[in-house]
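What the coordinates show
The lines below spell out each chain.
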Amino acid sequence: MNRLRSALAALVLSTSLSSAAFAIDLTVGLSTEPAAIDPHFSRTGNSQQAAQHVFNRLVEPDENLAIQPSLAVSWENVDELTWEVKLREGVTFHDGSPFTAEDVVFSLERAGDIPNSPAPFTANVAPLESMEVIDPLTVRFTTTKPTPQFMELAGLVYIVSRAAAETATIDDFNSGAAAVGTGPYKFVEWVPGDRLTLAANESYWGDAPEFENVTFRLISNAAARVAALRAGDVDLIDAVPPADKATLEGVDGIALHSTASARIIYLGLDSARDESPWIVGADGAPLNPNPLKDARVRQALSKMIDRQLLIDRILTGAGEPAGQLVPAGIGGHSTNLPIDTIDLEGAKALLTEAGFPDGFGITVHSSNDRFAGDGDIAQAIGQLFARGGLTVNGIVTQPYNVYATAAGNQEFSAFIFSFGTTTPTSAPGMTNVLMTNDADAGTGSFNRMRYSNPDYDAKMREALAEFDPDKRNTLLAEAADIAFGEHAILPLYWPEVTWASRDGIGFVANKLEDTLAMYASVTE
């Protein structure tokens, strides 16, 4: 009977894949959903991977972070302040209207001013002084200062239809009325908390979409996501828990797709305010001065964290301890920065030196559905802090959509977050995460700690103005030495990321950690 069932299952799968050569639907189990369909609303990964299906950018990073032409076919640095970009001919939006330079100018103007954005594109468009439409397929950009990484900034802003989006609200995008892009898939429906449905764009300018219809189902619980794949309810899942990887490797009919990530998982610390809401004394009242303002205290907390233990116990080895923003191999990585190892005596000495020999009360916050093990990592860090002499008053985890907004509003004192590097250098992350939060300058858009160091900012400005790639990377590394030398954030690890699919569905594991239908394929 078991052999008969297996034979029938194989026949069903074979028949399904045979028909796939003509048309097939793809169902994906996602760990987290977009915050909005408006591609300019949030730069967070969950929103961006949804946007990439419907909208295009001037350039696109490939799975190895190298920039490739997309809606722009070429670009020229005319002088230190001027860039001329040639656009792709014959591209149309989903409503049939032509894509032109006017849409590019409108999109870049719009992206810098989206109300209530939890992670805005401010830094991407901050260098722009002016934009000039030379002809329908040519735009000339003038920057306020030399910007060697211009195409890694402005080039990665999503292009929307001016006609569809000019008067649109976020609700218009969420309903689909304004979700008009040039991407490989068209928006069909978004039911928040349930699913996002897309359909192939038959007129797509690039490679034809592999799938006729794609449904992304929100399955935030990791065990439920794995169970859905094993039951055949979905074809592909993301954020496979490391503990489940070994189990799934032995399951017939399931394939795993893994890669080392360029995403840093870190602990952010509220280092700017005199009082921080979750840093308290014995009486439960916020301490003034806030201990986290002192670099010695931040270093003490770092010495309480056993990074390798987190990786071994929670990630079953699927990660690498981190001491800075980017791993070796990405421009701006510094060879001077050690990775803190657990040292409770050293932590105690630093706390005593800073005036907190008996520690203080702390609450750790985290998402619980953004990346594999995020809630468990928070629990473990709380235990490590308690071993280090702190009074841990709570570990609070929340769904990422809620959590990201609260973190941006500075509602936390110690919080686990991540940043995924999507370019060949650390420049965007070092600009957005660690430079002084300044909307006018377009820096610190993701600086939820409000860390600020004039020396670091000055070194970063020097790096960002340097056109020679080797010199720029050296300056970025020197900036990293400054910020991580005083523990601006506490890097934890770079994870290995894993997707799983049923046999017959291939997937390109990528450092961007994007779960895209464009990375999936029908295999023999």
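Residues numbered from 1 in each chain as written. Predicted model: local features only at pLDDT ≥ 70, side-chain atom pairs only at ≥ 80, totals over all residues. Heavy atoms only, no water.

Section: the overall build of the protein chain
Formally: Secondary structure follows DSSP: runs of H or I at least 4 residues long count as helices, runs of E at least 2 residues long count as strands, and numbering of each begins at the N terminus. The globule rule is 2.2 Å times the number of residues to the power 0.38, and the radius of gyration it is compared with is taken over C-alpha atoms. For this analysis, residues touch if any pair of their heavy atoms sits within 4.5 Å. Using the Shrake-Rupley algorithm and a 1.4 Å probe, accessible areas are obtained, with residue cover drawn only from the displayed protein chains. Charge counting follows a simple rule: Lys and Arg are positive, Asp and Glu are negative, and His as well as the terminal groups are ignored. We put the charge of a Lys on NZ, of an Arg on CZ, of an Asp on CG and of a Glu on CD.
Regarding its fold elements, the protein chain presents 17 helices and 23 strands. For 524 residues, the compact-globule formula gives about 24 Å, and the C-alpha radius of gyration of the protein chain, at 24 Å, lands near that figure. Judged by the C-alpha coordinates and their principal axes, the protein chain covers about 70 × 70 × 40 Å. Long-range pairs, those at least 24 residues apart, make up 69% of the contacts in the protein chain with a sequence separation of at least 6. When the accessible area of the protein chain is evaluated, it comes to approximately 20700 Å², of which 48% is carbon and sulfur surface. Looking at charge distribution, the protein chain has the averaged site of its 35 positive side-chain charges lying 4 Å from that of its 68 negative ones.

A word on the nonpolar core
Going by this rule: Only buried Ala, Val, Leu, Ile, Met, Phe, Trp, Tyr and Cys residues count toward a nonpolar core, and they belong to the same one when joined by side-chain atoms within 4.5 Å. Accessible area is worked out with a 1.4 Å probe on protein chains only. A residue is then buried under 20% of its type maximum, exposed over 50%, and partly exposed in between.
The biggest cluster of nonpolar side chains holds 104 residues, and the ones touching the most others in it are V104, F141, M430, L434, Y456 and F484. With residues up to four places along the chain from it excluded, the contact list for L434 reads G429, N447, M449, Y451, Y456, A483, F484, A488 and I489. Core analysis: the second largest hydrophobic core is formed by 36 residues, V297, I311, F356 and F371 among them.

What about the packing of aromatic side chains?
Rule in force here: Stacked, edge-to-face and tilted are the three classes for Phe, Tyr and Trp ring pairs, Trp counted by its six-membered ring, which pair at centre distances within 6.5 Å; planes under 30 degrees apart are stacked, over 60 edge-to-face, the rest tilted. A positively charged side chain is recorded as over a ring if its NZ (Lys) or CZ (Arg) lies within 6 Å of the ring centre. The angle to the ring normal must also be within 35 degrees.
Counted under the stated rule, the structure contains 15 aromatic pairs. Seen from their ring centres, Y403 and F412 are 5.2 Å apart, and the 20 degrees between their planes marks the pair as stacked. Each member of the pair, Y403 together with F412, is buried. Clustering of aromatic rings is evident, with ring pairs tying together Y400, Y403, F412, F415 and F417. Note that R370 overlies the ring of Y400, its terminal NZ or CZ placed 5.3 Å from the centroid.

A short note on the confidence of the model for the protein chain
Quick reminder of the rule: Looking at any residue, its pLDDT shows the predictor's confidence there, from 0 to 100.
Across the protein chain, the average pLDDT comes to 93, with 96% of residues at or above 70. Low confidence marks residues 1-22, where pLDDT is under 50. Its contacts with residues over four positions away, or in another chain, come to 8 contacts.

Some points on the sheet that holds strand β8 (residues 138-143)
Just so we agree on the cut-off: Here a strand pair is declared whenever DSSP counts at least two bridges between the two strands. In this analysis, axes come from line fits to C-alpha atoms, helices being fitted only over the stretch in contact, and the angle between any two N-to-C directions falls in the range 0 to 180 degrees.
Taken together, 4 strands build an open sheet; the order of strands is β5-β6-β8-β7 and the sheet is antiparallel. Each edge of the open sheet carries a strand with a single partner, namely β5 (72-79) and β7 (128-135). Between one strand and the next, the sheet's axes are offset by a mean angle of 20 degrees, whatever the strand orientation. Of the pairings in the sheet, the one linking β7 to β8 comprises 6 bridges and is antiparallel in character. Within β8, the residue paired with E132 across the bridge is R140. Across the face of the sheet, helix α3 (residues 101-111) comes into contact with β6 (82-87), β7 and β8 while running at roughly 165 degrees to β7.

Description of the environment of A262
In this fold, A262 is placed in the loop between β14 (254-260) and β15 (263-269). Each C-alpha atom of the pair A262 and I330 lies 8.6 Å from the other, and the pair is 68 residues apart in sequence. In contact with A262, not counting residues within four places along its chain, are L65, I330, F419, G420, T421, W494 and K511.

Quick look at the pattern of salt bridges
Cut-off, in case you're wondering: Counted as salt bridges are all cases of a side-chain nitrogen of Lys or Arg within 4 Å of a carboxyl oxygen of Asp or Glu.
The final tally for this structure, using the stated rule, is 20 salt bridges. Notably, a salt bridge pairs D194 with R195, separated by 2.5 Å at the nearest N-O pair. Ionic contacts of the salt-bridge type, sharing partners, join the residues E84, E132 and R140 into one network.

Observations concerning helix α16 (residues 454-464)
We count it as follows: The directions from the helix axis to the C-beta atoms are what the arc is built from. Pairs of N or O atoms are called polar contacts if they sit within 3.5 Å, as long as, within protein, a hydrogen donor faces a hydrogen acceptor (for residues adjacent in sequence, only side-chain-to-side-chain pairs).
Looking only at α16, the buried set comprises Y456, D457, K459, M460, A463 and L464. The buried residues of α16 occupy an angular sector of 165 degrees when the element is viewed end-on, so they sit on one face. The exposed set on the far side of α16, more than 90 degrees from its buried face, consists of P454 and D455. Where α16 is buried, its residues contact α15 (427-434) and α17 (469-485). Two or three places before D455, at the opening of α16, N453 has a side-chain oxygen 2.8 Å from that residue's backbone nitrogen.

Some remarks on α15
Taken across its 8 residues, α15 has 8 buried, putting it largely inside the fold. Packing partners of the buried residues in α15 comprise α4 (122-125), β15, β20 (414-420), α16 and α17.

A short note on the packing of α15 against α17
Here is the rule: An angle counts as roughly parallel when it lies under 35 degrees, as roughly antiparallel when it exceeds 145, as roughly perpendicular when it falls between 65 and 115, and as oblique in every other case. The crossing is said to be left-handed when, going from far helix to near helix, the turn is anticlockwise and less than a right angle, and right-handed when the turn is clockwise. Any residue that is not Ala, Val, Leu, Ile, Met, Phe, Trp, Tyr, Cys, Pro, Asp, Glu, Lys or Arg is counted as polar, Gly included; the first ten are nonpolar and the last four charged.
Running from amino to carboxyl end, α15 crosses α17 at an angle of 30 degrees, the nearest separation of the two axes being 11 Å. Judged by the inter-axis angle, α15 sits roughly parallel to α17. The two elements α15 and α17 meet at a crossing, and its hand is left-handed. Within the contact between the two elements, α15 uses A427, M430 and L434 and α17 uses L476, A479, A480, A483 and F484. Each residue belonging to the contact of α15 with α17 can be placed in one class, and the counts come to 8 nonpolar, no polar and no charged.

Re the pairing of strand β11 (residues 195-200)
Counting buried residues along β11, 5 of its 6 residues qualify, which places the element largely inside the surrounding structure. Note: strand β10 (residues 185-191) against β11, 6 bridges, orientation antiparallel. Looking at the pairing, Y185 lines up with A200 of β11. In sequence, β10 turns back onto β11 through a hairpin of 3 residues, with G193 there showing a positive phi of about 85 degrees. Bridge analysis of β11 against strand β12 (residues 213-218) gives 5 bridges, and the strand direction is antiparallel. Across the sheet, the residue bridging to A199 is N213, located in β12.

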